[in-house]
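So you can see what is in the structure, the chains are spelled out below.
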Amino acid sequence: MKKWLYLLFVAISFPVLGQNKAITIALQKATHDSIRCRILDDAFNATNNYEEKLQYNQQLEKIVEKNNSNSNQSKAEVFLLYKFLYLNNYGYYYQNPKAPDNSSSLKYYQQSLLIAKQLQQQDKIAQAYNNIGYVNYKKNNCTEALINHQLALKLRTKIRDKEGIAQTLNNLGVVYDELGNYPDALNNYFSSLKIREELKDKKGIQESYNNIGNIYVYQQKLEEALKYQFLSLKIAKELADKQSIGDAYTNIGIIYIDQKKFTEAIKSHLVSLKILEEIGDAIGVGGAYGNIGAAYMYKGDYQKALENYFKSLEIRKSLNDKAGVAYSYIGIGMTQLEMHNPKEAKKYLEKTLQISKELNIKRLIKYSYKNLTKADSALTNYKGAFENYKIYVIYRDSLTNEETERKSLQTVMQYEYDKKEALIKEETEAKVFQSKAEKKQNQIIYSSIIVFLLTILSIIVIAFYFYKKKQKTEKLLKDKELALEIADNERRRISADLHDDLGAGISSIALLSNRIQFQESMDDVRVDASNIIENTKKVSQKLTEVIWELNSEHNNLEDLLLFVQKQGNDLFKETKTDFSMLIPIEIPDIYFSSYERKQIYLSVKECFHNIIKHAKASKVSCKTIINEVLIITIKDNGIGFNVNEKINSSTGEGLNNLKYRVANLQGKIAINSSQEGTLITLVIPLNKN
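This structure is a prediction, so every number in the text was calculated from the model and none was measured. (Residues numbered from 1 in each chain as written. Predicted model: local features only at pLDDT ≥ 70, side-chain atom pairs only at ≥ 80, totals over all residues. Heavy atoms only, no water.)

1. Thoughts on helix H16 (residues 322–338)
Each turn of an α-helix holds 3.6 residues, which means side chains three or four residues apart point in the same direction. Here is the rule we go by: Strands are runs of DSSP state E lasting at least two residues, helices are runs of H or I lasting at least four, and both sets are numbered from the N terminus onward. By definition here, a helix of n residues has an expected span of 1.5 Å times n minus one. Between buried and exposed lies partly exposed: a residue is buried under 20% and exposed over 50% of the maximum accessible area for its type, with that area taken using a 1.4 Å probe on protein chains only.
Over its 17 residues, H16 runs 25 Å from end to end, which matches the ideal 24 Å to within 8%, given 1.5 Å per residue. In terms of burial, H16 is largely enclosed, as 14 of its 17 residues are buried. Once H16 finishes, His-340 follows within two positions and takes phi at roughly 65°, a positive value.

What follows is the structure in C-alpha cells.
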C-alpha cells in the first residue's frame, strides 16, 4: 500500500547517453578512467533494464579496482568514491522488484557504508544508513531499520540536507506504520510532507499523501483517507508515474471495500493490476490479486474470491514474500469462514498467525485472533474462542486506544497550524514588499483603488446572483441553521457541566490543599488528604466521561458497553462490593447518536451510584442481552427498598431522573426490590440501520 523514495545514487553533472553505441563511443573518446567511471555510472542510472544495469556496473567495478590497485594517493580518493558508487549500485540492482535478493543487497550496502566512513563524507554515510534501513525493512527487521534511519536522520539534520531529512522522516513513518505505531507514523509523515511542500517536491508530496491516506485507513477515517489518496493519484498522473498511479488505485480500492462499494473496489484493483503487470512489479501484482479476492469475498462471490487469493498466494510464495503470504492466508481463511468451512478456515488462520508473530505485524496478529475466535465458535470450541477473543481485545486496544487517537489528532493539528503560520508569514512579507513599492509609485495606489472598486462591484453582482439562488434553497439553509443551533446548545451544555462539576471539585481541592498546611493535628491532616484524594478521583472520572462523550468515534454499541464495563469496575473497586459485568463476545455494529449514548451511560451510572450509597450490597452483577432491543440488568444482594414509596417521596429524585432518561430513549424500566436485593432492568430499542 505504500511507495518509498530512496536517494540511492549520487547525482553527477554529466550528459546521459541513452544508447549502447553512443556509450561505447563516449568510453573510447574518454581521456581518463575517471571520466569513463562517470559515463558508466550515468548509464546505470539512466536505464530501466536491470541486465543493462548489471553490465554497466561490472565494467565500472573493473575500472575502479584496476585504478585502486595502481593509483597514487592523490587519485585514490577519486576512485574510492566510485567504489562507493558501484557498491551502492549493486545494492540497488539486487532490489530488482521482479526477483529481489535482500541478503545480497544488504551485503553491498554494508560494504558501501565502510567506504563512506573511509571517505569521511557524511552525506554518503547517511545515504548508506538509509539504504541499509530500507533492506532491513524489506527483511521484516523493523527494529534494525529504525536504528538505521535514525542514524541517517541525525547526519542529514547535521549537514542541513532538507531533501534527505524529508526522505528519512518518510522512511521512519513507513517502519512505524508496519509496527502498528500510527501516531509516530503520522507524525513522521506530516513532518516529511511539510518539508516537501517547502521544497515544492511534487513527487515527494505525492508519496506523503499516499502514506498519510494509508494511516487514515487503518484508523477507519475513510473520508480523510480517500481525500489524500485522490490527491496522491492526481499528482502521480501529472508526473506520469505508473508505479505511483498503480499504488493509488490499489489504496482507493481498499477504501472502497471498507465503504462497502465492492463494484467500484473491483474496478480500481483491476486498473491497478493492469498497470503493475505492465511495469513488471511482481510483488504489486501479488498484492493486487489479493485485493481483488477481498472485494469478491465481501461482495459474496466466494469462488472468485478464492480463485484470486490462491493466485496471490502462488506469486507471493515464488517471491518469498512472507508478509504477503500471510495476508493471502488470512484472506483464504476469512473466505472459508464465510462459506461455513470453519475447520478449513482455522488451518489457514493459524498459518497467518504463525507468520505474523514471526514478523511482528501487529494488525495482522489482531485480525488473526479475531477470525480464530469466529472459527472456534463455529467448531463449538468455546474455551478456545474465549481465549482468542481476549488476546484480540488486547491487540485491538493497543492499536486504537484514546491516547493513540489523541497523539494522531495532535499531529494533524500541528501540521495545519504550521501550514497556516507559513501562509501568514508569506502574506506579511508580501505586504511589506507592497508597502515599499507604494512609496515609490503613487500610481499603484490609484490602480489598486480602481481594482478594489471593480472587485467590490463584482462581489455585489455575485452576491445578488447568489441571493436569488439562495431563495430557492431557503428550507435547506434553515435546516442547517437549526443543526448548528443544536450543536451550539450542546457545546454550552458541556461547558456548563464542566464548570459546575469540575469547577466545584477543583475549588474544593485547592481549598483543602491550602488548609492542610495550617492543620496542627495529624488526624485532621489525614482527613483533609483523604478528601483531596476523593475529589481528585471525581474530577478525573468526570474528565474521562467528557472526553468519551465528545468523541463521535464511540457512537456505537460495542464502545458503549466497553465503557460502561470500565467505569463500573472503576466505581466499585474503591468499595467492598464485588462487581462483575458480562457482555456478549459478538456485538453487532449498531450506531447511537452522542445524545443516546450519553443517556444510556448515565442511566446505568445512576443505578451504580444508588447501590453504592444505599444498598449495602456485597455483590453486584450486570448483564447485557442484545436482540431487537438492548436489555441491561443490574442485580445486587443489598437490603432493598420500597419502590413506590421512594419514587413518591422527596428523596426519590435519582429514580425519577432514571425513568425520565429511559423514557426519552423510548425505552422501559422495571425495578423489583425486596430484603434480599434489587433487580433493575433497562430495555432500550435499537436502530439496526
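2. Quick notes on helix H10 (residues 202–218)
For H10, which comprises 17 residues, the first-to-last C-alpha distance of 25 Å matches the rise-based estimate of 24 Å (1.5 Å per residue) to within 8%. The element H10 is largely enclosed, with a buried count of 16 among its 17 residues. Positive backbone phi, at 60°, marks Gln-220, one or two positions downstream of H10.

3. So, the environment of Leu-686
Operational definition: The contact rule is simple, with two residues in contact once any of their heavy atoms fall within 4.5 Å.
Relative to the helices and strands, Leu-686 resides in the segment after strand S5 (677–685). The buried category is assigned to Leu-686, whose relative accessible area is 14%. Along the backbone, Leu-686 and Leu-665 are 21 residues apart, and their C-alpha atoms lie at a distance of 9.8 Å. When sequence neighbours within four positions are dropped, the list of residues in contact with Leu-686 reads Ile-590, Phe-592, Ile-626, Asn-627, Glu-628, Val-629 and Leu-630.

4. Brief notes about a nonpolar patch on the surface
Cut-off, in case you're wondering: Patches here are clusters of residues that have more than 30% relative accessible area and form no salt bridge, with a 9 Å joining cutoff for like charges and a 5 Å cutoff for nonpolar side chains (Val, Leu, Ile, Met, Phe, Trp, Tyr). Throughout, the Shrake-Rupley method with a 1.4 Å probe supplies accessible areas, and for residues the shown protein chains are the sole cover considered. Throughout this description, the term salt bridge denotes a Lys or Arg side-chain nitrogen within 4 Å of a carboxyl oxygen of Asp or Glu.
Where nonpolar side chains cluster on the molecular surface, the patch consists of Ile-449, Phe-452, Leu-453, Ile-456, Ile-459 and Ile-460 and spans about 580 Å² of accessible area. For Ile-456, the location among the structural elements is in helix H21 (residues 443–472). Judged by relative accessible area, which is 34%, Ile-456 ranks as partly exposed.

5. Describing the packing of aromatic side chains
So the rule is basically this: Note on aromatic contacts: the rings of Phe and Tyr and the six-membered ring of Trp form a pair at centre separations within 6.5 Å, being stacked when their planes are under 30 degrees apart, edge-to-face when over 60 apart, and tilted otherwise.
Tallied over the entire structure, the rule returns 19 aromatic pairs. Ring geometry for Phe-310 and Tyr-348: centres 6.3 Å apart, planes at 75°, overall edge-to-face. A residue pair is termed long-range when its members are at least 10 positions apart, and Phe-310 in helix H15 (residues 302–318) and Tyr-348 in helix H17 (residues 342–359) qualify at 38 residues. With relative accessibility at 36%, the residue Phe-310 sits in the partly exposed group. With relative accessibility at 10%, the residue Tyr-348 sits in the buried group.

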